[in-house]
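Observations on chain architecture
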Amino acid sequence: MSLKRLNIRGISYSETQNGAYALVLKEVGGNRQLPIVIGAFEAQSIAIALEKEISPPRPLTHDLFKTFGERFGIVVKQVIIHKLVDGVFFSSLICERDKIEEIIDARTSDAIALAVRFKAPVFTYENILDEAGVQSHIRPDKELQEDPLDLSNDEFIEELINTDHNEEDNYSHLSIKELHKMLDEAVSNENYELAARLRDEISKR
């Protein structure tokens, strides 16, 4: 199976689940995007790592892991999102120490938070993009230079921590046709967190 490289396109707020966010990964050289639902802490950690001008007063957990790795000569070489089961993505950290490679199982949100800090590339398999990717309306040669959300100010980080949503999603009463129509609308509106949940509901049917 061929690997496809992914870049982080941005993080969008959840409109359906309390404390959840959607991390949007973009296929390099393609027009598919992979939305992955993550928690507030991981969203905050990724956003801070992407924005160089924001520095927390004390190291976050992923910062500590990077410092620990560097101190003992461990480098994260790449991250591979290798499996999707019931809407849950499974990832591996490909690490190296003294020219010996080790593969470590990790949650996808943690793996990407570390990949950003180690400047390691992120990959997934073609079959995962086929199953869970959503089509972007942006041509590969005209990709956005900025993320959907402005990650360059403190207000975004504060909202990652403080935003609260009470609405719960329930799509069981909708038909497959209705779900596909909602999915198309969500992608058109760049609501990738909703698109991820609709995609997962369709996969369950």
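Every chain begins its residue count from 1, and numbering advances along the sequence as written. Owing to the predicted nature of the model, reporting of local features is limited to residues with pLDDT of at least 70; listing and counting of side-chain atom pairs is limited to 80 or more, with chain, interface and lining totals taken over all residues. With hydrogens and water stripped out, all remaining heavy atoms of the structure feed into the side-chain values.

Some words on the layout of surface pockets
Method remark: on a 1 Å grid restricted to protein atoms, a set of points is classed as a cavity if a 1.4 Å probe fits but cannot get out and as a pocket if it is open with protein on both sides within 12 Å along at least five of seven lines; lining residues have an atom within 4 Å of a point. Grid points are joined across faces, edges and corners, and a volume is the space filled by probe spheres set on the points. By volume, the largest pocket amounts to about 390 Å³. The wall of the largest pocket is formed by 22 residues, among which Val37, Gly87, Val88, Arg197 and Asp200 lie closest to the centre. By definition, any uninterrupted DSSP run of H or I lasting at least four residues is a helix, any uninterrupted run of E lasting at least two residues is a strand, and each is numbered from the N terminus. Going through the elements one at a time, strand 3 (32-39), strand 5 (88-97), helix 3 (108-118) and helix 7 (192-204) are the ones with two or more residues in the lining of the largest pocket. Top contributing element to the lining of the largest pocket by residue count: helix 7, with 6 residues.

Notes on the nonpolar core
For the purposes of this section, nonpolar cores are sets of buried Ala, Val, Leu, Ile, Met, Phe, Trp, Tyr and Cys residues that join through side-chain atoms within 4.5 Å. When accessible area is computed with a 1.4 Å probe and restricted to protein chains, residues below 20% of their type maximum are described as buried, those above 50% as exposed, and intermediate ones as partly exposed. Counting residues in each nonpolar core, the largest one holds 32 residues, and the members touching the most others are Leu25, Leu34, Ile81, Phe89 and Leu93. Breaking this core down by element, the ones donating at least two residues are strand 1 (3-13), strand 2 (20-27), strand 3, helix 1 (40-50), strand 4 (75-85), strand 5, helix 3 and helix 4 (126-132). If you tally residues by element for this core, the top one is helix 3, at 7 residues. Residues Val134, Tyr171, Leu183 and Val187 belong to the second largest nonpolar core, which totals 11 residues.

Considerations on helix 1
For helix 1, a buried count of 8 out of 11 residues is recorded, marking the element as mostly surrounded by other parts of the structure. When helix 1 is considered as a whole, its buried residues turn out to be Glu42, Ala43, Gln44, Ser45, Ile46, Ala47, Ile48 and Ala49.

Here we look at the sheet that holds strand 3
Backbone hydrogen bonds are what pair the strands of a sheet, in a parallel or an antiparallel way. The pairing criterion for strands is at least two bridges between them, as found by DSSP. With respect to topology, 8 strands assemble into an open sheet ordered 6-5-4-7-1-2-3-8, the strand pairing being mixed. Either end of the sheet is taken by a strand with one partner, and the two such strands are strand 6 (100-107) and strand 8 (134-135). With 3 bridges joining them, strand 4 and strand 7 (residues 122-125) adopt parallel strand pairing. Paired with Ile81 across the strands is Thr124, a residue of strand 7. Relative to strand 3, helix 1 is tilted by about 120°, and along the sheet it contacts strand 1, strand 2, strand 3 and strand 6. Contacts between residues were defined by any pair of non-hydrogen atoms, one from each residue, lying within 4.5 Å. Fitted lines through C-alpha atoms serve as axes, helices being fitted only where they are in contact, and the angles separating the N-to-C directions of these axes extend from 0 to 180 degrees.

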